[in-house]
Amino acid sequence: MGSKSLVIGSLLAAVLSCPVLSCPDVTVGVGLQGCQSGVVPAPPAGSQLLGSWLPAFSHPLNHPCSNGSPPGFNAIHTCLIPSDPTRASNPNGGKVLVWDDSGSLPVCAVNANGDYVQRYAIVDPIAQTFQLGQFIIPESEAPLARVPGPIPGFPRGFQGLFCSGHCWLRDGKLLVAGGDDWSENANLYYSGSKLVCLFDPWAAGNTNHWSVLRETASPNPLMHLRQRRWYPSVLRLADNADTVIIAGGVDRWEHATNWYVTTPHDYGPETYEAIRTWDPNLLPPSQTFSWDGRPGITINGQTQAGLFSGPALAGGNSLFYYPRLHLTSQLSLNSASTHGLAWSVAFPTESAWIDHVITPAMSPAAWAVPATLPTGHLFLEEPSTLLMPNLAPFLKDFIVTIGGQNGWGHMSQTITNAVWLLDTKAAAPAWTVGPAMYYPRKFHKTVILPDLSLLTVGGGQESNHAGAPGCEDFWPEVYLNGQWRFCAKEESGGVGSRRTYHSCAVLLPSGEVLSCGGNTRNFDYQVFRPHYFDGNPVRPRWDTSPALPTSITYGQSFGFSFQVPALQSIEKVVLISPGSWTHAQDPGQRAVSLSFSAHKSAGSAIAPSSKSDAPPGLYMIWLVSSAGIPSVAQWVKLE
């Protein structure tokens, strides 16, 4: 069997070897590494800076739409388009889908009939080329606006996919839900949208990729959310129907105060919504779309079909906006289902899990609230959170939260460098402190790399959403071999690239990471080459005799061939899901280390044992050598 790396295990070593909050290498809060006089200091003199940056490149200046070319394009939503090796070639596989904010909607709207337009692009980060597109959403398919819009005669207003939630489905399509609604005067409020849309990377032409979602069964009615959700999170579960839950999001946000409108309704739904996306009873199995038909729960004496109980948070709070969601492999506590538990963590910090049981006879799903962060961390805004890779049974189903802002003020300056760990499979889950980063960060992204190290990119040490420069963390940090290490500064031409609010980072099949977007950006896009590229080492690579299979089956062994440099071997075989990032979170980010054996140039690995370990769908698969160097990824379908 291949050796199991202790990269992630060392992250927990500090937790297990000393009492909570007493480890000498743990720093909680803003220390000397914080922003001094509006400038973040460089790493200490003599620090080795890992990795390097390729030259930055820009989005086309005038990305056209129906009625003009609004200036600028901010890649606020960034998703790696998967390839499906079991079907005809997809020329967009491995490229990156991006779309921007709603500022273009008033310009791009097709005012003749009330349609509205969302600009998007498919980016090739390596060739630095763009396919520019626009998603024209017919007015007739738009959910009704809350009130008649600011433009007379447009009862449905202008709605877009800015601040939506999204996830990749098992067949490589992207489901997008919620977003913003310009039906009210944008100078007073931001409102949530009820849109549910689908992006199909296999569709021909740049005007056919998108559609408003309809139910599969005749007469194919439109599917709109039942509640307005601005900033929802979207998570695909591992049940047989590939149910997608849409959770959190707020109904209305006040422009003047940059805060939610203080009524329970506007604060955000305490329920989530569920859509089934797959029908396992059809032969061959096929994608389908239908509301979850369970009776749901009773709210104010009325049954809400398809809606389910939110967490019992103190003060009647809801999941608020962009709750950090993660699907663990732990099965239902009553063994009623074969899929994992969905956890919400860190925002608000009353961590909670939900078991969305599909069987109609079961009692309604309910949230449990087993773990909160310690006093002083009761509200953690815009941290990075992720489900840890499964390098060993003990490490499986750990959730880590990194950085963020302490406190309820939304615009306060209490940015932290703290790292917290939650063992969700424990009998009494509790947060435990881990090794802190050097820099306090908010709005940062943490990407799992093929060698299963953790790369934290961008962020800053202030809460300003508007984009004022200052206090940006130009130096990424990577958790590698038991410690946080500094990475090369993100810059071009000597100018640092600011990546705070509305920025993204996504892992590419090459093993590089695309950093993009952000209100404070100096450059639209830049590719980071992590530490394993330093020194230009020879990489392991997949061979063709025998070739890696295009699909793998749960619990089954599959063979492969490979080449590695002399005196090296294969240390890991890793599956990683395609990224789907916005607002510093990707609920579907998942890395699974496979059991394997390898000798000379041939090997075999065992696919994940169940859907709760890894939901069915398309994954990048990597070989990592004993020198810690990953191959270029291939795509494989897990089913």
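1. Concerning the overall build of the protein chain
From N to C terminus, the protein chain includes three helices and 49 strands. Of all 639 residues assigned to the protein chain, the portion counted as buried reaches 61%. Considering only intrachain contacts with a sequence separation of at least 6, the fraction spanning at least 24 residues in the protein chain is 64%. A total of about 22000 Å² of accessible surface is found on the protein chain, and carbon and sulfur atoms cover 55% of it.

2. A word on the pattern of salt bridges
Counted by the stated rule, this structure contains 18 salt bridges. A salt bridge links Asp242 to Arg236, with the shortest nitrogen-to-oxygen separation between them at 3.2 Å. For the residue pair Asp242 and Arg236, the accessibility class agrees, reading buried in each case. Here Arg441 ties to Glu477 by a salt bridge, and the two come within 3.1 Å at their closest N and O atoms. In this pair, Arg441 sits in the loop between β30 (431–434) and β31 (445–448) while Glu477 sits in strand β33 (residues 477–480), placing the two residues 36 residues apart along the sequence. Several salt bridges share partner residues, and in doing so they unite Arg170, Arg236 and Asp242 into one network.

3. Regarding the sheet that holds β31
The strand order across the open sheet built from four strands is β31-β32-β33-β34, with neighbouring strands paired in antiparallel fashion. Both edges of this open sheet fall to β31 and β34 (483–486), since each of them pairs with a single strand only. Recorded for the sheet is a direction-independent mean angle of 25° between the axes of neighbouring strands. Strand direction decides the pairing type here: β31 and strand β32 (residues 454–457), joined by four bridges, are antiparallel. Looking at the pairing, Ile448 lines up with Leu454 of β32.

4. Side note on the side chain of Ser233
Relative to the assigned elements, Ser233 resides in strand β13 (residues 230–236). At 2.7 Å, the side chain of Ser233 and the backbone oxygen of Pro323 are in polar contact. Once residues lying within four places of it in the same chain are set aside, the contact partners of Ser233 are Ile245, Ile246, Ala247, Tyr322, Pro323, Leu325, Gln585 and Pro587.

5. Observations concerning the packing of aromatic side chains
Tallied over the entire structure, the rule returns 22 aromatic pairs. An angle of 75° between the planes, with centres 5.6 Å apart, marks the rings of Trp542 and Phe560 as edge-to-face. Of this pair, Trp542 sits in strand β40 (residues 541–542) while Phe560 sits in strand β42 (residues 557–563), and the two are 18 residues apart along the sequence. In terms of burial, Trp542 and Phe560 fall into one category: buried. When the centroid spacing of 6.1 Å and the interplanar angle of 45° are considered together, the rings of Phe560 and Phe562 count as tilted.

6. Concerning the pairing of β30
The side chains of a regular strand alternate between the sheet's two faces. Every second residue of β30 is oriented toward a common face, with Trp431 and Val433 on one face and Thr432 and Gly434 on the other, all of them buried. As paired strands, strand β29 (residues 415–423) and β30 are joined by four bridges and run antiparallel to one another. Bridge pairing in β30 places Trp420 opposite Val433.

7. Digging into the sheet that holds strand β37 (residues 503–507)
Spatially, β1-β39-β38-β37 is the arrangement adopted by the four strands of the open sheet, whose pairing is antiparallel. Each of the sheet's edge strands pairs with one partner strand only, and the pair in question is β1 (52–53) and β37. Note: β37 against strand β38 (residues 513–517), five bridges, orientation antiparallel. Paired with Ser503 across the bridge in β38 is Gly517.

8. A closer look at the state of the cysteines
The final tally for this structure, using the stated rule, is one disulfide. At a sulfur-sulfur separation of 2.0 Å, the disulfide partner of Cys35 is Cys471. Across the disulfide from Cys35 to Cys471, rotation about the S-S bond amounts to roughly -70°, and the bridge is consequently left-handed. Here Cys35, found in the loop between α1 (9–17) and β1, pairs with Cys471, found in the loop between β32 and β33; they are 436 residues apart in sequence, far enough to count as distant. In this structure Cys471 comes out as buried when scored by relative accessible area, which is 11%. Free cysteine: Cys516, not disulfide-bonded; nearest cysteine sulfur from Cys504 at 5.2 Å.

9. Here's the deal with unusual backbone geometry
Trans peptide bonds make up the majority, and among non-glycine residues the majority have a negative phi. For the bond running from Leu283 to Pro284, omega is -10°, close enough to zero to count as cis. Assignment of secondary structure puts Pro284 in the loop between β17 (272–279) and β18 (286–291). Here the bond from Ser545 into Pro546 is cis, since omega is 0°, no more than 30 degrees from zero. Mapped onto the fold, Pro546 is located in the loop between β40 and β41 (551–552). A positive phi is found at Tyr231, a non-glycine position, where the angle reads about 75°. Mapped onto the fold, Tyr231 is located in strand β13. For Tyr231, a relative accessible area of 6% translates into the label buried. Even without being a glycine, Tyr322 presents a positive backbone phi close to 40°. Checked against the element boundaries, Tyr322 lands in the loop between β21 (307–308) and β22 (324–331).

10. Some thoughts on the nonpolar core
Generally speaking, soluble globular proteins have nonpolar side chains that are buried together. The biggest cluster of nonpolar side chains holds 57 residues, and the ones touching the most others in it are Val98, Leu449, Leu455, Leu507, Leu514, Tyr525 and Met620. Excluding anything up to four places from it in sequence, Leu449 contacts Leu455, Val478, Leu507, Val513, Pro530, His531, Tyr532 and Ile576. Core analysis: the second largest hydrophobic core is formed by 21 residues, Trp542, Phe558, Ile621 and Leu638 among them.

11. Regarding the confidence of the model for the protein chain
Note: predicted coordinates in regions of low pLDDT should not be interpreted at a detailed level. Mean pLDDT over the protein chain: 81, with 74% of residues reaching 70 or higher. Low pLDDT (under 50) marks residues 1–32, which in the prediction has 74 contacts with non-local residues, meaning those over four places away or in another chain. In this model residues 358–366 is a low-confidence stretch, pLDDT under 50, and it forms 24 contacts with partners more than four residues away in sequence or in other chains.

Thresholds applied
Residues numbered from 1 in each chain as written. Predicted model: local features only at pLDDT ≥ 70, side-chain atom pairs only at ≥ 80, totals over all residues. Heavy atoms only, no water. Helix = DSSP H or I, 4+ residues; strand = E, 2+ residues; numbered from the N terminus. Buried < 20%, exposed > 50% of the residue type's maximum accessible area, 1.4 Å probe, protein only. Contact = heavy atoms within 4.5 Å. Areas by Shrake-Rupley, 256 points an atom, 1.4 Å probe, with all protein chains shown as cover. Salt bridge = Lys/Arg side-chain N within 4 Å of Asp/Glu carboxyl O. Pairing = 2+ DSSP bridges. Axes fitted to C-alpha atoms, helices over the stretch in contact; angles between N-to-C directions. Polar contact = N/O pair within 3.5 Å; in protein donor to acceptor, adjacent residues only side chain to side chain. Phe/Tyr/Trp six-rings, centres within 6.5 Å; stacked < 30°, edge-to-face > 60°. Disulfide = S-S within 2.5 Å. Core = buried A, V, L, I, M, F, W, Y, C linked by side-chain atoms within 4.5 Å. pLDDT = per-residue confidence, 0-100.

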